[in-house]
Amino acid sequence: MSLDALKLSYIGKRLQVVIIDKNGFLIDTCNTLLTIPATSISLFDNIVLLDSLRHHLSQLKIEDTPLFFPNIEFIYNQQTIVVDSTFFVNTHNESQIVWILDNDPYDYRALFNMQQERNELAIRSFYGHCNKKMVENLQIIDQANEKMYYTLVQYTAVQEQLAQPIQHLDNVIATLQEYVGKMYLRELIELSNQLQTNIQKIPAPKTYRGEEHFVPLLSLLNGVSNAIWVTPQLTYNPIIGIINLQESDTNILLPEIAFRQILYNWLYLIVYYSKSAHISLNTIVGLNELQLLCSHQALNPAYRESYHWQLCEAWLNESHSHINIDEAAEQSCLTITVFQTNAINATPIATSSANISK
Amino acid sequence: MIRSISKKIILAGSYGVGKTSLISRFVYQRFSFSYQATLGVRIDRKVVNLPNLTLNMLIWDIGGDVTQAKIPESYYLGSSGTIYVFDVSRPNSFEQVGKDIDLLKDKMPNTPILVVGNKADLLEPNLLHALDQQLPVPVNYYTSALDGTNVEETFLQLAQSIAQNA
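Thresholds applied
- Residues numbered from 1 in each chain as written.
- Chains lettered and ligands numbered in written order.
- Predicted model: local features only at pLDDT ≥ 70, side-chain atom pairs only at ≥ 80, totals over all residues.
- Heavy atoms only, no water.
- Helix = DSSP H or I, 4+ residues; strand = E, 2+ residues; numbered from the N terminus.
- Buried < 20%, exposed > 50% of the residue type's maximum accessible area, 1.4 Å probe, protein only.
- Contact = heavy atoms within 4.5 Å.
- Axes fitted to C-alpha atoms, helices over the stretch in contact; angles between N-to-C directions.
- Parallel < 35°, antiparallel > 145°, perpendicular 65-115°, else oblique.
- Nonpolar A, V, L, I, M, F, W, Y, C, P; charged D, E, K, R; others polar.
- Buried area = accessible area lost by both parts, 1.4 Å probe.
- Salt bridge = Lys/Arg side-chain N within 4 Å of Asp/Glu carboxyl O.
- Polar contact = N/O pair within 3.5 Å; in protein donor to acceptor, adjacent residues only side chain to side chain.
- Core = buried A, V, L, I, M, F, W, Y, C linked by side-chain atoms within 4.5 Å.

### A closer look at the overall build of chain A
Stage number 1. Scanning chain A from N- to C-terminus turns up nine helices and 12 strands.
Stage number 2. Taking all 358 residues of chain A together, the buried fraction comes to 35%.
Stage number 3. Counted over contacts in chain A with a minimum sequence separation of 6, partners at least 24 positions apart contribute 64%.

Structure, rendered in structure tokens:
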């Protein structure tokens, strides 16, 4: 089959027919797509596609199925060619190989675009899936980081709070170390021990009862009776009366202030609770004892001897003094032990009396 | 006298794994970040000088597909060696590696096949090691067309294997 006959069978397509011998030398071509000059060089050495197939082409037989290579891209004469190539043995001449180059740029471009789009889509979808997973993982990491941040903030706050007392303690420790180091603390401890030893040597304190000196009994009783007389509660109650004391120049050695308070309280309670209009007070003075007898009438039941103890318990106990109330005899007696009654002019037993009238 | 022979090799593997980039790095020492799908086959030539042999490598860059079963059989015709490429950062590019290698061995018996994990620059060494333990076939090289890691070594290894068979 001649070249023209071959061309006719492929009419309507943009193709080129190349007829070569089994060593690759050009016999004829139409140069539709490629300009292939007739040279003394084998096309096997010139065209990379043929070079790749030279062994098979040289052994191709007439009964063999045509070899079809779709979409082959190669460079020839510094020009990139894309063709579908078909090889078969010329049915009219077994020594010839027919190479048909078919090129449809529109089909090729459409096919390329389809494949490019398909591949890019597949690759993008894969990386898109990866990106989606990565975004999800990043979100999880972000959440974990946020939690960790807040935890760290809390820990930092706690650490700061803890650090402040520790700093104070450090300061105290440093101060103590400084004092210990300078022997101040040891000296203070030794001084403290010495003071404790000295304090233990001091005798136990006694109850202070006031200064003791000789007191003129008459003026003392007068003072107390006057005080009772001007006491507002007693005048309002209504106590109207006077205390008459027989004159006496007896002097008694005792704590004047304490005795005055005892005497005042004793008489005050009797006057307050007594309904009689007249109260007489007699004194009997011994060497070491002073006895005060108070006569009264109709002592109110609310009066209690214990009132006296509440008022002057400590002093009475210490001085071995006592108070007796004889309600039947309508008489109260205050006996006071004194240190000394041996006043210069005192008689061994002197009697004084005072009258308090309501 | 140094002998000179031409041998066809093919680069196979899924789409977007970097087959064209490996060839660009090996043949033209360049790299492009843009992706352009290969439709059918792109043929390049590279002369490799070996001891006592000049090997004219005719490199068929076969447009990738999810499996080698979809590749026209005529593309394998006359191949003397294969570099099977997968993307270490994209698991679906090596899910079929076992089946694909079996298919290639069936199509091209008695020819050397190198398994290459490309885009190694995208993975940390420890992850790459973990991946290597999981793959069903041994990987000959982990390459990076971006920085050229192991690219030259891969092609030279295949060239030497072909030369031994020649």
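### Observations regarding the packing of helix α1 (residues 19-28) of chain B against helix α4 (residues 151-165) of chain B
Residues and elements named next belong to chain B.
Stage number 1. Direction vectors running N to C along α1 and α4 enclose 85°, while the axes themselves pass 9 Å from each other. In terms of orientation, α1 and α4 fall into the roughly perpendicular class. Mapping the contact onto sequence places Leu22, Ile23, Arg25 and Phe26 in α1 and Val151, Glu152 and Phe155 in α4.
Stage number 2. Across the contact of α1 with α4, the residue classes tally to five nonpolar, no polar and two charged.

### A few points about the interface of chain B and chain A
Stage number 1. At the junction of the two partners, chain B supplies 30 residues and chain A supplies 30 residues.
Stage number 2. In total, chain B and chain A occlude about 2,500 Å² of area from one another, counting both sides; carbon and sulfur atoms represent 59% of this.
Stage number 3. Looking only at chain B, the three residues that lose the most surface to chain A are B:Leu39, B:Ile43 and B:Leu77, adding up to 27% of its buried area.
Stage number 4. The tally of links from chain B across to chain A stands at two salt bridges.
Stage number 5. Put simply, A:Asp51 and B:Arg45 hold a salt bridge, and the shortest N to O gap is 3.1 Å.
Stage number 6. The interface formed by chain B and chain A contains 14 residue pairs in polar contact (both at pLDDT 80 or more).
Stage number 7. The set of elements that each furnish at least two residues to the side of chain B that touches chain A consists of β1 (3-13), β2 (41-50) and β3 (53-62) of chain B.
Stage number 8. When residues of the side of chain B that touches chain A are assigned to their parent elements, the largest contribution, five residues, is made by β2(B).

### Observations regarding the nonpolar core
Stage number 1. Judged by nonpolar contacts, the single largest core of 54 residues is most densely connected at A:Leu49, A:Phe74, A:Phe87 and B:Trp60.
Stage number 2. If we ignore the near neighbours within four places in the chain, the residues touching A:Phe87 are A:Leu49, A:Leu50, A:Leu53, A:Leu57, A:Leu60, A:Pro66, A:Leu67, A:Phe69, A:Ile97, A:Val98 and A:Trp99.
Stage number 3. With 26 residues, the next largest nonpolar core counts B:Phe26, B:Ile83, B:Val85 and B:Ala159 among its residues.

So far we have only geometry, and geometry alone does not tell us how the molecule works.
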